[in-house]
Amino acid sequence: MQTDSSSVRLDVWLWRARFFKTRALSARACESSHIRLERFGKVTRIEKASATIKPGDRLIFAIGTRLFDIVVQETGERRGPATEAQGLYLVKAAPEEA
């Protein structure tokens, strides 16, 4: 199996970027089909935690009443401190109350 070092599973990336406390919560959010992925102008609904993302991908999802619209900047190597996690993405639009 060939792996691309510039891509990572979505559930792992959401956990590394500190959007979810545990990887299990991240995987559950991915499988709920409430996360949208925009790549090359095409928007798809994520249905599996194993979906891969790359730098440049745009993610749109909600956590509670907050709506996030972010662009993936890096895949990251580990779940580090919050300052490191914030470098993994760029906020496209400020989180809004739903």
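Just above sits the structure.
Residues numbered from 1 in each chain as written. Predicted model: local features only at pLDDT ≥ 70, side-chain atom pairs only at ≥ 80, totals over all residues. Heavy atoms only, no water.

1. Observations regarding the overall build of the chain
Secondary structure assignment for the chain yields three helices and seven strands. Its helices and strands taken in sequence order, the chain reads β-α-α-β-β-β-β-β-α-β from the N to the C terminus. Put simply, of all contacts in the chain between residues at least 6 apart along the chain, 43% involve residues at least 24 apart. (Helix = DSSP H or I, 4+ residues; strand = E, 2+ residues; numbered from the N terminus. Contact = heavy atoms within 4.5 Å.)

2. Regarding the packing of aromatic side chains
All chains considered together, the criterion is met by six aromatic pairs. Between tryptophan 13 and tyrosine 89 the ring centres are 6.3 Å apart and the planes differ by 75 degrees, which places this aromatic pair in the edge-to-face class. Placement of tryptophan 13 in helix H1 (residues 10–16) and of tyrosine 89 in strand E7 (residues 89–97) is noted, with a sequence separation of 76 residues between them. The same class applies to tryptophan 13 and to tyrosine 89, which are both buried. (Phe/Tyr/Trp six-rings, centres within 6.5 Å; stacked < 30°, edge-to-face > 60°. Buried < 20%, exposed > 50% of the residue type's maximum accessible area, 1.4 Å probe, protein only.)

3. Some remarks on the environment of arginine 39
The topology assignment puts arginine 39 in strand E2 (residues 35–39). In this structure arginine 39 touches Thr52, Ile53, Lys54 and Asp57, once residues within four positions along its chain are discounted. Engagement of the side chain of arginine 39 in a polar contact is seen with the backbone oxygen of threonine 52, the distance being 3.0 Å. (Polar contact = N/O pair within 3.5 Å; in protein donor to acceptor, adjacent residues only side chain to side chain.)

4. Here we look at the pattern of salt bridges
Under the criterion given, the structure shown has six salt bridges. For arginine 58, the salt bridge goes to glutamate 38, with nearest N and O atoms at 3.2 Å. You can see arginine 58 sitting in strand E5 (residues 58–63) and its partner glutamate 38 sitting in strand E2, a full 20 residues away along the chain. For arginine 58, a relative accessible area of 21% puts it in the partly exposed group. Take glutamate 38: its relative accessible area is 25%, and that puts it in the partly exposed class. Linked through salt bridges whose partners overlap, the residues forming this network are Arg9, Asp11 and Arg23. (Salt bridge = Lys/Arg side-chain N within 4 Å of Asp/Glu carboxyl O.)

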